[in-house]
Amino acid sequence: MKARTAACTVLLALVAALTACSGSDDSKANPAACKAAMEKQFKDAMAAGDKAKSEGRPDACQGVDDKTVRKYATEIMQKQLGDAVDKNLQGLETAQP
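Just so we're clear, the structure is a prediction, and the values are computed from it rather than from any experiment. (Residues numbered from 1 in each chain as written. Predicted model: local features only at pLDDT ≥ 70, side-chain atom pairs only at ≥ 80, totals over all residues. Heavy atoms only, no water.)

Q: It is not clear to me how the confidence of the model for the protein chain should be interpreted in this structure. Could you clarify?
A: Low pLDDT marks regions whose predicted coordinates should not be analysed in detail. Chain-level pLDDT for the protein chain is 76 on average; 65% of the residues reach the 70-or-more range. Between the elements of the protein chain, mean pLDDT differs from a low of 57, seen in helix α1 (residues 2-19), to a high of 91, seen in helix α2 (residues 31-48). (pLDDT = per-residue confidence, 0-100. Helix = DSSP H or I, 4+ residues; strand = E, 2+ residues; numbered from the N terminus.)

Q: Just to check I follow, could you spell out the nonpolar core for this structure?
A: It is characteristic of soluble globular proteins that their nonpolar side chains tend to be buried jointly. Formed by Cys34, Met38, Phe42, Cys61, Val64, Val69, Tyr72, Ala73, Ile76 and Met77, the largest nonpolar core amounts to ten residues. Looking at this core, the elements with two or more residues in it are α2 and α3 (66-90). For this core, the element with the highest residue contribution is α3, accounting for five residues. (Core = buried A, V, L, I, M, F, W, Y, C linked by side-chain atoms within 4.5 Å. Buried < 20%, exposed > 50% of the residue type's maximum accessible area, 1.4 Å probe, protein only.)

Q: Could you clarify how one ought to interpret the pattern of salt bridges in this entry?
A: Side chains that differ in sign of charge can pair as their charged atoms come close. Following the criterion strictly, the structure yields four salt bridges and no others. A salt bridge links Asp44 to Lys40; the nearest nitrogen and oxygen atoms lie 2.7 Å apart. Taken together, the residues Asp44 and Lys40, both in helix α2 and four residues apart, mark about one turn of the helix. Asp44 gets classed as partly exposed once you look at its relative accessible area, which sits at 36%. (Salt bridge = Lys/Arg side-chain N within 4 Å of Asp/Glu carboxyl O.)

See the structure below:
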């Protein structure tokens, strides 16, 4: 149950990052640095569990458009969910009739 709460908190932190205003100076945009910062923010929030707080859009995402940030958030969540499912499935034994 705590894992679900932590995952929800982390998701809310990423959504908060999407609602922050993006910078207008695209010349300073660094999408790779933005994604790396979002991944770190996500991992930190997962480690914090129930105590995770919304940090908003990482500074590295200044100038990166909202569509790209949403894409990164989706990719990060899909990877996390996929990894969690894979981990849980490895622990299951196949029942034979």
